[in-house]
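Here are the chains, one letter per residue:
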Amino acid sequence: MTQHDSHSLPAHRPGASRQAPEAPDDPSPSRTTRPWTPALLYTLGFLTVYLLAICTPWGQRAENALFALGKQGGEEAWIYPLSGAAYGSTPLPPMELSAKPTLMAGLAVIVVLTLVRRCWRQGCAALGVVILTTGGKEAFKSTMPRPDLVGAPENLLDQGFPSGHTVIPAALTLAAVLVVSPRIRPYVATAGVLWLACIAAASATMGGHRPSEVLGATLLACACYGLATWLLPPAAVPGATRSARALPVITLTLALAVALVSGARNDTLTRSLVSAATAFICAALVWYAAVGRPAHTARRTRPALD
C-alpha cells in the first residue's frame, strides 16, 4: 500500500462502531410525550367548577350576586347591538339563533379541510372533539339539574352549565388546529382564541350565563381535545410548529383587550371585570391546549459520543 493510498482511507476513531444512530427528525411526538394527564386535569377542573359554583350555597350566592349588580338584561352591555337580542340586529356568531348555523358551518369546514388535506385520522378526531363537546354539554345539562340551595329568584333557577354559546367557539377552535396546515396552525388558534374571548365575555356580561358556566364550557372542550389527541396514533398528532416568539404574548394581550371590551357594561364595573377575567381565562386555556402544551413538542435524541 502506498503512502497516497493510506491517506485515502477513512481514519478509524475509537468507539465509532458503538456510536448510536441519530434519531430521525420526526416532528410527531411519541407516546411518552403525549400523556393522558391533560385530559384528566381538564376533566377534574370541569367537575371542580361545577361542584364549587353549582353545588354549594356560597358558590350560588356569589354568582347570583353578580345579577344584582346593574340592571337586569343585557341592554347596558357594550356588545348588546351585536348580540342579536336587539330588534333587527344581526347576531355575532354563535349568539342567539345563529348558534346552530355556526356549528353546522364549522363542521362543514372541518370536513372540507379533511378531504382537501387527506388527513383522515385528524379529521375524525376533529369531528369527534366537536360532537363529543356539544353532545356532552347537552347530556350534562339534562342529567345534572341545578339545585336551589339559597332560595334564588325563579329567573335564576335555569340550568345553564355549561354554556352552549361558549362551547361552540371553543370546540371549533380546538378542532380546527387538528386539520389545518402546521404553518398556519398557531394563527388559526389565535383567531379562534380571540373569537372565544369575545363570545365568553358577552355571554357572561349580558346575563345569559354565569362565569362558572362559561368556564365549564371551555374546560369541557379542552378535555375532549386532550382525549382526542391522546387517542390518536403518534404519527397523527400535530407536531411542534414554528411561529413568531411574540405570538403568544400578542395573542393573549389581544384576547384580554377583546374580553374587556366585550364584557364592558355602562352600569357596573365589577360585573364587567368579572366577565372579562372569566373570558380571558377561557382564552388562555384554549391557547395552552391548542398550541402551548408540551405534548406538541417532539423529543429529539442526540447521537451518543464516546
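Before reading further, recall that the structure is shown in the block above.
Below you will find a few notes about this structure. (Residues numbered from 1 in each chain as written. Predicted model: local features only at pLDDT ≥ 70, side-chain atom pairs only at ≥ 80, totals over all residues. Heavy atoms only, no water.)

Looking at the overall build of the chain
Now for step 1: Helix and strand counts for the chain stand at 10 helices and 0 strands.
Now for step 2: Starting at the N terminus and walking to the C terminus, you meet the elements of the chain as α-α-α-α-α-α-α-α-α-α.
Now for step 3: Going through the 306 residues of the chain one by one, you find that 46% of them count as buried.
Now for step 4: For the chain, the proportion of contacts with a sequence separation of at least 24, taken over those separated by at least 6, is 82%. (Helix = DSSP H or I, 4+ residues; strand = E, 2+ residues; numbered from the N terminus. Buried < 20%, exposed > 50% of the residue type's maximum accessible area, 1.4 Å probe, protein only. Contact = heavy atoms within 4.5 Å.)

What to know about the packing of aromatic side chains
Now for step 1: The final tally for this structure, using the stated rule, is 5 aromatic pairs.
Now for step 2: Between Phe-46 and Phe-161, the ring centres sit 5.2 Å apart and the planes meet at 40 degrees, which makes this aromatic pair tilted. One end of the pair, Phe-46, is in helix 2 (residues 37-54); the other, Phe-161, is in the loop between helix 5 (120-143) and helix 6 (164-179), and 115 residues separate them in sequence.
Now for step 3: Note on Tyr-50 and Phe-161: the rings are 5.3 Å apart at their centroids and 50 degrees apart in plane angle, and the pair reads as tilted. Residue Tyr-50 is located in helix 2, and its partner Phe-161 is located in the loop between helix 5 and helix 6; the two are separated by 111 residues in the primary sequence. A single burial state applies to Tyr-50 and to Phe-161, both of which are buried.
Now for step 4: Every member of this aromatic cluster is reached through a ring pair, and the members are Phe-46, Tyr-50, Phe-140 and Phe-161. (Phe/Tyr/Trp six-rings, centres within 6.5 Å; stacked < 30°, edge-to-face > 60°.)

Quick word on the pattern of salt bridges
Now for step 1: Inspection of the entire model under this criterion finds 5 salt bridges.
Now for step 2: Across the pair Glu-213 and Arg-146 runs a salt bridge, and its minimum N-O distance is 4.0 Å. Of the two residues, Glu-213 is situated in helix 8 (residues 211-231) and Arg-146 in the loop between helix 5 and helix 6; the sequence distance between them amounts to 67 residues.
Now for step 3: A residue is classified by how much of its surface remains accessible, and Glu-213, at 1% relative accessible area, is buried.
Now for step 4: Among the ionic pairs, Glu-213 bridges to Arg-210, the shortest N-O distance being 3.1 Å.
Now for step 5: Among the ionic contacts, a cluster of salt bridges with common partners joins Arg-146, Arg-210 and Glu-213. (Salt bridge = Lys/Arg side-chain N within 4 Å of Asp/Glu carboxyl O.)

A closer look at the nonpolar core
Now for step 1: Core analysis: the largest hydrophobic core is formed by 57 residues, its most contacted members being Val-130 and Leu-174.
Now for step 2: Elements with a minimum of two residues in this core: helix 2, helix 4 (99-117), helix 5, helix 6, helix 7 (185-205), helix 8, helix 9 (247-263) and helix 10 (269-292).
Now for step 3: Counting residues per element, this core draws most heavily on helix 8, which supplies 10 residues.
Now for step 4: In contact with Leu-174, not counting residues within four places along its chain, are Ala-221, Cys-222, Tyr-225, Val-286, Ala-289 and Ala-290.
Now for step 5: Grouped together as the second largest cluster of nonpolar side chains are 9 residues, Ile-79, Tyr-80, Ala-86 and Ala-202 included. (Core = buried A, V, L, I, M, F, W, Y, C linked by side-chain atoms within 4.5 Å.)

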